[in-house]
Amino acid sequence: KIIALAITEPEGGSDIASIRTTAIRDGDFYVSMVPKSSLLWGCVAPTYFTTAGRTGEAGMQGVSLLLIPRHLVGVGTKKLSTQSNTALVSFNDVRVPAKYLLGEENQRFRAIMVNFNGEQLGVAVISVMANRYARVCLRESIRFAQRRQTFGRP
């Protein structure tokens, strides 16, 4: 089974403290609504979505995580491009069983941010490495072009 992380929203990006997606408790369910954002492989890969929802007050408190099975009524994906598998994921009146709450209600902001920090550090390291690799490739290409002989001449 594949789980996709669907945290960001179209208006707020990764500003978790201002998420608008709500997850309102209704007996043994949470009713989740409001569209999430674009998600790589959102159309094809996931069996579940892990998403942040506002279950309490505004700000950093009141953020919970829910595991939402893709097959539930109201889960939608819309492919955004013919060039990739990026999709807009939406949760419209999805009734998520309360047993799919991950961790404590209203207490998942810190867990999300710790995860984001690790992801961002990883992206930064990869970017630095890619930049260095590109500079080495450019330098070697210039050296080769300066030494190369074509039509019997340098």
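Please refer to the structure higher up on the page.
Below is a summary of the structure that appears in this document. Just so it is clear, the model here is predicted, and its values are computed rather than measured.

Cut-off values and rules
Residues numbered from 1 in each chain as written. Predicted model: local features only at pLDDT ≥ 70, side-chain atom pairs only at ≥ 80, totals over all residues. Heavy atoms only, no water. Salt bridge = Lys/Arg side-chain N within 4 Å of Asp/Glu carboxyl O. Helix = DSSP H or I, 4+ residues; strand = E, 2+ residues; numbered from the N terminus. Contact = heavy atoms within 4.5 Å. Patch = residues over 30% accessible without salt bridge, like charges linked within 9 Å, V, L, I, M, F, W, Y side chains within 5 Å. Areas by Shrake-Rupley, 256 points an atom, 1.4 Å probe, with all protein chains shown as cover. Buried < 20%, exposed > 50% of the residue type's maximum accessible area, 1.4 Å probe, protein only. Polar contact = N/O pair within 3.5 Å; in protein donor to acceptor, adjacent residues only side chain to side chain.

Our next topic: the pattern of salt bridges. The final tally for this structure, using the stated rule, is three salt bridges. Asp 26 is the partner of Arg 95 in a salt bridge, and the nearest nitrogen-oxygen pair spans 2.8 Å. Taken together, the positions of Arg 95 in strand β9 (residues 94–97) and Asp 26 in strand β2 (residues 22–26) put the pair 69 residues apart, joining distant regions of the chain. A salt bridge links Arg 143 to Glu 140, with the nearest nitrogen and oxygen atoms 3.1 Å apart. You can see Arg 143 and its partner Glu 140 sitting in helix α1 (residues 109–147), three residues apart, about one turn around the helix. One salt-bridge network, held together by shared partners, links Arg 139, Glu 140 and Arg 143.

Moving on, we get to the environment of Val 96. Structurally, Val 96 can be placed in strand β9. It is 6.2 Å that separates the C-alpha atoms of Val 96 and Val 31, two residues lying 65 residues apart in sequence. Aside from chain neighbours lying at most four places away, what touches Val 96 is Asp 28, Phe 29, Tyr 30, Leu 66, Leu 67, Ile 68 and Leu 72.

Let us now look at a nonpolar patch on the surface. Side chains of Leu 121, Val 125 and Met 129 sit close together on the surface and give an oily, nonpolar patch of about 300 Å² of accessible area. Take Val 125: it is sitting in helix α1. For Val 125, a relative accessible area of 41% translates into the label partly exposed.

A few words on the side chain of Ser 32. As for its position among the elements, Ser 32 is in strand β3 (residues 29–33). Within the structure, the side chain of Ser 32 is placed 3.5 Å from the backbone oxygen of Thr 22, a separation counted as a polar contact.

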